[in-house]
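# Coordinates in review
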Amino acid sequence: MTFDVIVIGSGQAGVPLATRLARAGKRVLLAERGDLGGTCINTGCTPTKTMIASARAAHVARTSARLGVHTGQVDIDLAAVVDRKDAVVRKWREGIGRRLQVDRLTVARGHARFVGERHVEVAGEVHGAEVIVINVGARPALPPLEGLGQVPWLDNATVMQLRELPSHLLVLGGGYIGCEFGQMFRRFGAPVTIVDRSDHLLGREDPEIASALEDVFRNEGIDLHLGAKVAAVSGRAGEIALRLGSGKELRGSHLLVAVGRRPNTDDLGCDKAGVALDAKGYVVADDDYRTSAPGVHAVGDVLGGPQFTHTSWDDHRLLFDVLLGRPHRGRSGRFIPYTAFTDPQVAGVGLTEKEARQRGTAYEAATIPFGTVARAIEVDETAGVMKVLVDPKTEGVLGAAIVGAEAGELIHVFVALMQAGASARAIVDAEFVHPTFAEGVQTLVMKLDRFALR
Ligand SMILES: Cc1cc2nc3c(=O)[nH]c(=O)nc-3n(C[C@H](O)[C@H](O)[C@H](O)COP(=O)(O)OP(=O)(O)OC[C@H]3O[C@@H](n4cnc5c(N)ncnc54)[C@H](O)[C@@H]3O)c2cc1C
C-alpha cells in the first residue's frame, strides 16, 4: 500500500509523531515488531523507576531509626515487586494502544525492513511512502568478553523478571543502568559487586560528582571494582566467576551485563534504501534528522545519543515541524539534561569541568556539599554535592551537576536558564522558598566570587 508517512518503531518519538501526523491529515503506517511503547515503557524508564521505588521504600524502612522511627524487620517480596512493575508497564502499554486508535493511522505488527528506496516490507507486505521515519531504538551491547557465550547472563529486561533474589549479583558496567540496578538489588537485600574499567562510576562525570555516589554505594555495602578490566567470564547458572586483568577473581550467582547499547539497524535493510550508518551502526542524520536517503529521517536512540526518552520525544516535536514545513530550529540547539535515578540521584546538564578544560572553554566553577542545605539536614538526606560552571564573559551557565535528593528535579533550574540564554545572576535575584533543596542551587551560585554577598 502507499502511505504519506511510514514510521518504523513505536518508541518515544514514533508514537507521538505518528498520531500527530495522522491528526494533521497524513495517511500513516506505524510498524512495530515488539511491544508497543518501545524501551522506555517496557524495559527501560518505567519498570526501573517502579522497582527503584520499592527498593527505596525498603531502604527508608531499614534506616528509619535515624529519624527516631523504629520498624520491624524489613522483608522483600521480590515477586510482588515484579508483579507491581508488570502492572504499571501493562497500564502504560495499553494506554499506547488506545492512543494509536486514530483515523488514517494503521499499525502493522512485525519486523520492518527497507526493500528499496522509500519502500518497506512488514508482515509480508511491501509499503511505499514519500516520507519514512526510523525510530528503531537500541538494545544492550555485548562486550567481546572471553567466555560470555558459555555462561547465563542477564540484561536490563531479564534482570527485571527475576522473582527470587540473586544470592550475589555481579554487575558488569558502572554506567547509570548498572548503578541503578546495582543499588536496587542491594537494597532488596542481595550482595552486589559492580565492576567497571573506568576509575569512577558514571565515567563521564567529574571525579567529585562520581565519588559522592561511590561513597554512598560503599556505605550501603556495594562492592566496587573500578579501574578493573574483566578478562574472562566462566561458570554456570548460580556460579559465575569474573576474572580481572589483575588475576583477581570475583564470584557471584548472577551476572548483569550493562556496558552500553547498540542500534537496532543490523536487520533494517538500510543499504537497500541508501541510508548511511556510522562505524557503530547508528544512523547518520543532519540537524533536521535527514539521513543520506531522500525522504528518510531518523529520530531517537538510533542516532547514537544522548539516548534518553526526553530526547527522543523532543526529536518528534522538532521533526514534526520539519515535515510540515513549519519554522523550526535544529536539534543541536538544545541542552539535554539527564538523571541517574540512584539514591541520591545524579543529574547534569551542559559541560562537565573535564569537558570545559578539554575544549579550552573559559569557566568559573563553584561546588558545595549537599549536606549544607538546610532541607537536606532536616530530612537527613545529606549525601551529595552540587557544582556549577559559569561563562566569565556572559555569566551564562555552561554546565551543572548535582548529586543529592531530588537532583533530577533541581537540575531543571539550570536547564531553563541555559535554554533561555539567561545569566546565572537570575538565580541570585530570584527568591527561593525556605526550606527547600532548591535553596541549595542559589547558595551554590552565590558561592561564585562574582555573585558572593559581601
Ligand atoms: C534500563 C534502562 C533504563 C532507562 N531509564 C531511562 C530514564 O530513566 N530516563 C530516560 O530518559 N531514559 C531512560 N532510558 C533510555 C530510554 O529508554 C531510551 O532513550 C528511549 O526509550 C529511546 O526511545 P526511542 O524512541 O529512540 O526507541 P525505543 O523506545 O527503543 O523504541 C524503538 C522501537 O522500535 C522497535 N523496532 C526496532 N526495530 C524494528 C523493526 N525493524 N521493525 C519494527 N519495529 C522495530 C522496537 O521494538 C521498539 O519498540 C533507559 C533505558 C534503559 C535500557
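Heads up: these notes are all about the structure in this document. (Residues numbered from 1 in each chain as written. Predicted model: local features only at pLDDT ≥ 70, side-chain atom pairs only at ≥ 80, totals over all residues. Heavy atoms only, no water.)

## A closer look at the side chain of Glu-214
Here is the rule we go by: Runs of H or I in DSSP of at least four residues are treated as helices and runs of E of at least two as strands, each being numbered from the N terminus. The cut-offs for exposure are 20% and 50% of the maximum accessible area for each residue type, with area from a 1.4 Å probe on protein chains only; residues under the lower value are buried, those over the upper are exposed, and the others partly exposed. Only four residue types enter the charge count: Lys and Arg as positive, Asp and Glu as negative, with His and the chain ends excluded. Salt bridges are counted wherever a side-chain nitrogen of Lys or Arg sits within 4 Å of a carboxyl oxygen of Asp or Glu. Here a polar contact is taken to be a pair of N or O atoms separated by no more than 3.5 Å, where protein atoms must pair a possible hydrogen donor with a possible acceptor and residues adjacent in sequence count only if both atoms sit in side chains. Residue contacts follow a heavy-atom distance rule, with two residues in contact if any of their heavy atoms lie within 4.5 Å.
If you trace the backbone, Glu-214 turns up in helix H6 (residues 207-219). Put simply, Glu-214 is tucked away with no salt bridge, and the nearest opposite charge, on Arg-218, sits 4.2 Å away. At 2.9 Å, the side chain of Glu-214 and the side chain of His-200 are in polar contact. Those residues within four positions of Glu-214 in sequence are excluded, and the remaining contacts are Asp-199, His-200, Leu-201, Leu-224 and Leu-226.

## Things to note about unusual backbone geometry
For the bond running from Gly-305 to Pro-306, omega is 0 degrees, close enough to zero to count as cis. Here Pro-306 is to be found in the loop between strand S16 (296-298) and helix H8 (309-323). Cis geometry marks the peptide bond from Asp-343 to Pro-344, where omega comes out at 5 degrees. Here Pro-344 is to be found in the loop between strand S17 (338-340) and strand S18 (345-350). Located in the positive-phi region is Arg-104, a residue other than glycine, with phi close to 70 degrees. For Arg-104, the location among the structural elements is in the loop between helix H4 (78-99) and strand S3 (105-109). Owing to a relative accessible area of 40%, Arg-104 belongs among the partly exposed residues under this scheme.

## Notes on the site of the ligand
Applied cut-off: Being near a molecule or strand, for a residue, comes down to having at least one heavy atom within 4 Å of it. The method behind every accessible area is Shrake-Rupley, applied with a 1.4 Å probe, and residues are considered shielded solely by the protein chains displayed. Three residue categories are used. Nonpolar comprises Ala, Val, Leu, Ile, Met, Phe, Trp, Tyr, Cys and Pro, charged comprises Asp, Glu, Lys and Arg, and polar comprises the others, including Gly.
Neighbouring the ligand are 38 residues; Glu-32, Thr-39, Lys-49, Asp-301 and Ser-312 lie closest to it. One of the backbone nitrogen or oxygen atoms of Arg-33 is found 3.2 Å away from a nitrogen atom of the ligand. Within the side chain of Ser-312, an N or O atom sits 2.8 Å from an oxygen atom of the ligand. Burial of the ligand by the surrounding chains reaches 95%, relative to a free accessible area of 1000 Å². Those elements that provide at least two residues to the shell around the ligand are strand S2 (28-32), helix H2 (38-42), helix H3 (45-63), helix H5 (176-188) and H8. Of the residues contributing to the shell around the ligand, the split by class is 12 nonpolar, 20 polar and 6 charged.

## Considering the pattern of salt bridges
Within the structure shown, the criterion is met by 30 salt bridges. Between Glu-220 and Arg-187 there is a salt bridge, with its nearest N and O atoms 2.6 Å apart. Separated by 33 residues along the polypeptide, Glu-220 in the loop between H6 and strand S10 (223-226) and Arg-187 in helix H5 bring together distant segments of the chain. Under the relative-accessibility criterion, Glu-220 is labelled buried at 16%.

## Some remarks on the nonpolar core
Condition: Within this scheme, the nonpolar core is defined by two criteria: the residues are buried Ala, Val, Leu, Ile, Met, Phe, Trp, Tyr or Cys, and they are joined through side-chain atoms within 4.5 Å.
The biggest cluster of nonpolar side chains holds 50 residues, and the ones touching the most others in it are Ile-8, Phe-114 and Ile-134. Residues Met-51, Val-159, Ile-194 and Val-385 belong to the second largest nonpolar core, which totals 33 residues.

## A short note on the packing of aromatic side chains
We describe a pair of aromatic rings using the distance from one ring centre to the other and the angle between the two ring planes. Here is the rule we go by: Aromatic rings from Phe, Tyr and Trp, taking only the six-membered ring of Trp, are treated as a pair when their centres fall within 6.5 Å; an angle between ring planes under 30 degrees marks them as stacked, one over 60 as edge-to-face, and anything in between as tilted. Here, a charge over a ring means that NZ of Lys or CZ of Arg falls within 6 Å of the ring centre while also lying within 35 degrees of the ring normal.
For the structure shown, the criterion picks out 4 aromatic pairs. With 5.8 Å between their ring centres and 90 degrees between their planes, Phe-185 and Phe-188 make a pair best called edge-to-face. Taken together, the residues Phe-185 and Phe-188, both in helix H5 and 3 residues apart, mark about one turn of the helix. Given a relative accessible area of 0%, Phe-185 falls into the buried group. Look at Phe-308 and Tyr-338: their rings are 6.2 Å apart centre to centre, the planes differ by 15 degrees, and that puts the pair in the stacked class. Here the residue Phe-308 occupies a position in the loop between S16 and H8, and Tyr-338 occupies one in strand S17, the gap between them amounting to 30 residues. Of the two residues examined, Phe-308 and Tyr-338, each falls in the buried class. Aromatic ring contacts, followed pair by pair, group Tyr-176, Phe-308 and Tyr-338 into a single cluster. It is Arg-20 that lies over the ring of Phe-320; its NZ or CZ is 3.8 Å from the centre.

## A few points about H3
The criterion, for reference: Here the expected length of a helix is defined as 1.5 Å per residue gap, with one fewer gap than residues.
In this model H3 runs 26 Å from its N-terminal to its C-terminal C-alpha over 19 residues, within 8% of the 27 Å that 1.5 Å per residue would give. Here H3 has its buried residues at Thr-46, Pro-47, Thr-48, Thr-50, Met-51, Ile-52, Ser-54, Ala-55, Ala-58 and His-59. Where H3 is buried, its residues meet H2, H4 and H5.

## Some points on the sheet that holds strand S8 (residues 169-172)
Short version of the rule: For two strands to pair, DSSP has to find at least two bridges joining them. Think of each axis as a best-fit line through the C-alpha atoms, taken over the contacting stretch in the case of a helix, with angles from 0 to 180 degrees between the N-to-C directions.
Strand order in this open sheet of 4 strands is S10-S9-S8-S14, and the pairing throughout is parallel. The sheet is open, and its two borders are formed by S10 and strand S14 (254-257), each paired with just one other strand. The mean inter-strand angle of the sheet, taken between neighbouring strand axes irrespective of direction, is 15 degrees. Strand contacts of H5: S8, strand S9 (192-196) and S14, with the helix running at about 165 degrees to S9, the strand carrying the most contacts. On the sheet, H6 packs against S9 and S10 and is oriented at approximately 140 degrees with respect to S10.

## A look at the packing of helix H1 (residues 14-23) against H8
Applicable threshold: An angle below 35 degrees is read as roughly parallel, one above 145 as roughly antiparallel, one from 65 to 115 as roughly perpendicular, and any other as oblique. Crossing chirality is assigned from the near helix's rotation relative to the far helix, an anticlockwise turn below a right angle marking it left-handed and a clockwise turn marking it right-handed.
Packing of H1 against H8 leaves a shortest axis separation of 9 Å and a crossing angle of 30 degrees. Judged by the inter-axis angle, H1 sits roughly parallel to H8. The interaxial crossing formed by H1 with H8 has right-handed handedness. From H1, Pro-16, Leu-17, Arg-20 and Leu-21 reach across to H8, where they touch Trp-313, His-316, Arg-317, Leu-319, Phe-320 and Leu-323. Here the contact of H1 with H8 is built from residues that sort into 7 nonpolar, 1 polar and 2 charged.

Interpretation note: all reported values are geometric properties and have no functional meaning in isolation.
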